[in-house]
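A structural walkthrough
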Amino acid sequence: MTEKLYDVNAYLTEFDAAVVSCQVLKEGTERDVNGQLEVGEAARPDAPLWEVALDRTAFYPEGGGQPCDFGVLGGARVTDVQEKDGIIFHLCSAPLEVGSCVHGTIDWDRRLMHMREHSGEHIISGIICHTHGYSNIGFHMGKDCVTIDFSGPLTAEQIQEAEDLANQKVLENIEILAEYPDKETLATLDYRSKKELTGAIRIVTIPGADVCACCGTHVKYTGEVGPIKVISAEHAKGGSRLDILIGEKALADYKCRFENTQKISALLSVKPEQTAQAAQKLLQTVADLKQELGALKLRLLEEKVDAVETGSSACVLFEQGLSTVDVRKLADKLAQKVLFAAVFNGSDTDGYQYVICASDRDVSAFGKAFNKALCGRGGGKNPMIQGQVKAEQKAIWEYLTKGGVLQDGK
């Protein structure tokens, strides 16, 4: 069994230990899921890694939703830490001599971030459990945020209330206790646990917020957690899934949002607290202009149709910015005045959407030949076909002229 130094002191960053075992792994760096190996010999995909066990360690192994620690052990990079049957194994970039004494150093920034996040998770989970009776049935510390699944549905108001209470506990700077109560004391405690536990049980207590069985690392006082912010919520597994930012991640998110709000405020020429109202007003203005533009576009299209002489053999129009519905409507109206009507909407760069109507030929067969010649695709049946073509306008004119649809490109 490996002595767990982090269990006694989560703030321990350096330690000395004896190497109990060291074996090479044949799979190379597949277990380096976080991509943290430094450039060099051990960073090659085919470079071997070593699984090292110590008599004691300050490296926290992955478990309970908390990622493992990284760091350096005897000069080798530690990129993964796992526990198997009470023995903690360190995935190292170089071998360590069995029986030797090695010095270990923890990546403190990573450890502290996880301590804050884990303690923050306990605070908000305990509050929701106490307030609404919902259990934490899933917990994961991801690269971007902490994700928690609760056993019941939470409204936006309930989530905001829990967030407010959690941050209040942070401001109170309450001491967080991590202890192994004796059997008699444990029997009197009402604590949270995701599964039945046996043997010595470690209880993490945050007075007024949570009492929970937990093997993770935690800060000493709630004030060290920093801000707690729920950034998204959704229904999942019959309950609620919350994505939460804690500590430095919450501060970084606030900084980003503040900077963006300042930029939007300047662009809209309003105070930051008025940006939402100003944006809503701008959206309404855009909607009104789109409606006005649509009316003008429709009037222009009708004028183009009116200008076409009834009974003409063909009329081909190239337009831009039309909707699919507009293209079809325009082609339908032209088809009422000419034998062959074609509307192409788009540009030489992006290609053209087209609708072709004809009463003087088999337009379905025409479309197949047209698409084959000009790298188009689409289809339909008489008297209308539609599709898309990548050819330039000049090439389309030339095809229609050579095919006898148009005379001299008109």
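Everything discussed here concerns the structure shown above.
Residues numbered from 1 in each chain as written. Predicted model: local features only at pLDDT ≥ 70, side-chain atom pairs only at ≥ 80, totals over all residues. Heavy atoms only, no water.

1. Let's talk about the overall build of the protein
Just so we agree on the cut-off: A helix here means a DSSP run of H or I that spans at least four residues, while a strand means a run of E at least two residues long, and both kinds are numbered starting from the N terminus. In this description the radius of gyration comes from C-alpha coordinates, and the expected globular size is given by 2.2 Å times residues to the power 0.38. Accessibility here uses a 1.4 Å probe with only protein chains present; expressed as a share of the type maximum, an area under 20% marks a residue as buried, one over 50% as exposed, and anything in between as partly exposed. Any two residues having at least one pair of non-hydrogen atoms within 4.5 Å are treated as being in contact. Only the protein chains shown count as cover for residues, and the accessible areas themselves come from Shrake-Rupley with a 1.4 Å probe. By the counting scheme adopted, Arg and Lys are positive, Glu and Asp are negative, and His together with the chain ends is not counted. Charge positions come from single atoms, namely NZ of Lys, CZ of Arg, CG of Asp or CD of Glu.
The secondary structure content of the protein amounts to nine helices and 20 strands. Its C-alpha atoms give the protein a radius of gyration of 34 Å, clearly above 22 Å, the size a compact globule of 410 residues would have. Across its three principal axes, the protein shows a C-alpha extent of roughly 100 × 50 × 40 Å. By residue count, 42% of the 410 residues in the protein fall in the buried class. For the protein, the share of sequence-separated contacts (at least 6 apart) that also reach a separation of at least 24 residues comes to 63%. If you sum the accessible surface of the protein, you get close to 22400 Å²; carbon and sulfur atoms cover 52% of it. Charge centroids of the protein, computed over 44 positive and 59 negative side chains, lie 9 Å from each other.

2. Focus: unusual backbone geometry
Note that the residue after Asn382, namely Pro383, is joined by a cis bond; omega there is 10 degrees. Along the chain, Pro383 falls in the loop between strand 19 (376–381) and strand 20 (384–389). Residue Asp85 is not a glycine yet carries a positive backbone phi of 55 degrees. Looking at the element boundaries, Asp85 is found in the loop between strand 6 (76–84) and strand 7 (87–92).

3. Brief notes about helix 7 (residues 324–335)
For the record, the criterion: By this rule, a helix spans an expected 1.5 Å times one less than how many residues it contains. Working definition: the arc comes from the directions between the helix axis and the C-beta atoms, pointing outward to the latter.
When the terminal C-alpha atoms of helix 7 are compared, their 17 Å separation across twelve residues agrees well with the 16 Å that a helix rising 1.5 Å per residue should span. Taken residue by residue, helix 7 has Val327, Leu330, Ala331 and Leu334 as its buried positions. Seen from one end, helix 7 has its buried residues packed into an arc of 95 degrees, which puts them on one side. For helix 7, the secondary structure elements touched by its buried residues are helix 6 (275–307), strand 16 (312–319), strand 17 (338–347) and strand 18 (351–358).

4. Here we look at the nonpolar core
Proteins that are soluble and globular tend to have nonpolar side chains buried together. Definition in use: Definition used in this section: a nonpolar core is a set of buried Ala, Val, Leu, Ile, Met, Phe, Trp, Tyr and Cys residues joined via side-chain atoms within 4.5 Å.
Residues Ile123, Ile124, Ile228, Leu242 and Ile244 are the most contacted members of the largest nonpolar core, which totals 29 residues. Residue assignment for this core shows that the elements contributing at least two residues are helix 2 (108–132), strand 9 (136–141), strand 10 (146–150), helix 3 (156–172), strand 12 (203–206), strand 14 (228–236) and strand 15 (239–246). Here this core takes six residues from helix 2, the largest share from any one element. In this structure, Ile244 is in contact with Ile124, Cys145, Val146, Ile148, Ile228, Lys229, Val230 and Ile231, ignoring residues within four places of it in sequence.

5. A short note on the environment of Tyr221
Within the element layout of this structure, Tyr221 appears in the loop between strand 13 (210–213) and strand 14. Taking relative accessible area as the criterion, Tyr221 reaches 35% and is therefore assigned partly exposed. As for Tyr221 and Leu374, which are separated by 153 residues in sequence, their C-alpha atoms are 71 Å apart. Among residues more than four places away in sequence, those in contact with Tyr221 are Asn173, Ile174, Glu175 and Ile176.

6. Concerning the packing of aromatic side chains
Rule in force here: For Phe, Tyr and Trp, where Trp contributes only its six-membered ring, two rings pair if their centres lie within 6.5 Å, and the inter-plane angle classes them as stacked under 30 degrees, edge-to-face over 60, or tilted in between. Put simply, a charge is over a ring when the Lys NZ or the Arg CZ is close to the ring centre, within 6 Å, and near the line of the ring normal, within 35 degrees.
Within the structure shown, the criterion is met by 14 aromatic pairs. Seen in terms of ring centroids, Phe340 and Phe366 are 5.5 Å apart; in terms of plane orientation they differ by 80 degrees. Their pairing is edge-to-face. Remark: Phe366 occurs in helix 8 (residues 363–374) and Phe340 occurs in strand 17; sequence separation between them is 26 residues. Judged by relative accessible area, which is 13%, Phe366 ranks as buried. Feature note: the residues Phe318, Phe340, Phe344, Tyr352, Tyr354, Phe366, Phe370, Trp397 and Tyr399 constitute an aromatic cluster, connected by ring pairs. The ring of Phe89 carries Lys84 above its face, with NZ or CZ at 5.2 Å from the centroid. Of note, Arg110 hangs over the ring of Phe70, and the distance from its end group to the ring centre comes to 3.7 Å.

7. What about the pairing of strand 17?
For clarity, the threshold we go by: In this description, strands pair whenever DSSP reports at least two bridges between them. By the criterion used throughout, a crossover qualifies as right-handed when its path from the first strand across the helix to the second strand runs clockwise, the strands pointing away from the viewer.
Of all ten residues that make up strand 17, eight are buried, and the element is covered over most of its length. Direction of pairing for strand 16 relative to strand 17: parallel, over a ladder of seven bridges. If you follow Ser312 over to strand 17, its bridge partner there is Val338. Remark: the strand 16/helix 7/strand 17 crossover connection has right-handed handedness. Hairpin connection between strand 17 and strand 18: a loop of three residues separates the two successive antiparallel strands.

8. Here's the deal with the sheet that holds strand 3 (residues 49–54)
Note the threshold: Lines fitted to C-alpha atoms define the axes here, with helix axes fitted over just the stretch in contact, and angles between the N-to-C directions of these axes take values from 0 to 180 degrees.
Read around the barrel, six strands follow the order 2-3-7-6-5-8 and close on themselves; strand pairing throughout is antiparallel. Across the sheet, the mean angle separating the axes of adjacent strands is 45 degrees when strand polarity is ignored. Across five bridges, strand 2 (residues 14–25) lies against strand 8 (residues 101–106) in antiparallel orientation. Looking at the pairing, Asp16 lines up with His103 of strand 8.

9. Details of the packing of helix 6 against helix 7
Using the following cut-off: Any angle that falls under 35 degrees is termed roughly parallel, while one over 145 is termed roughly antiparallel, one within 65 to 115 roughly perpendicular, and all others oblique. In this scheme the handedness of a crossing depends on how the near helix is turned from the far one: anticlockwise by less than a right angle means left-handed, clockwise means right-handed. Gly is put with the polar residues, along with every residue not named as nonpolar or charged; the nonpolar set is Ala, Val, Leu, Ile, Met, Phe, Trp, Tyr, Cys and Pro, and the charged set is Asp, Glu, Lys and Arg.
Where helix 6 meets helix 7, the axes come as close as 10 Å, and the angle between the chain directions of the two elements is 25 degrees. Classed by the angle they form, the pair helix 6 and helix 7 counts as roughly parallel. For the pair helix 6 and helix 7, the sense of crossing is right-handed. Residues Lys297, Leu301, Glu302 and Val305 of helix 6 touch helix 7, and the partners they reach there are Asp326, Leu330, Lys333 and Leu334. For the contact of helix 6 with helix 7, a count of residues per class yields four nonpolar, no polar and four charged.

10. What to know about the sheet that holds strand 12
Strand order in this open sheet of three strands is 11-12-13, and the pairing throughout is antiparallel. Strand pairing shows two members of the sheet lacking a second neighbour, strand 11 (177–179) and strand 13, which therefore form its edges. Each adjacent strand pair in this sheet contributes to an overall mean axis angle of 15 degrees, direction not counted. Bridge count between strand 12 and strand 13: four bridges; the pairing is antiparallel. Paired with Ile206 across the two strands is Asp210, which belongs to strand 13. Relative to the sheet, helix 2 contacts strand 12 and strand 13, its axis offset from that of strand 12 by approximately 70 degrees.

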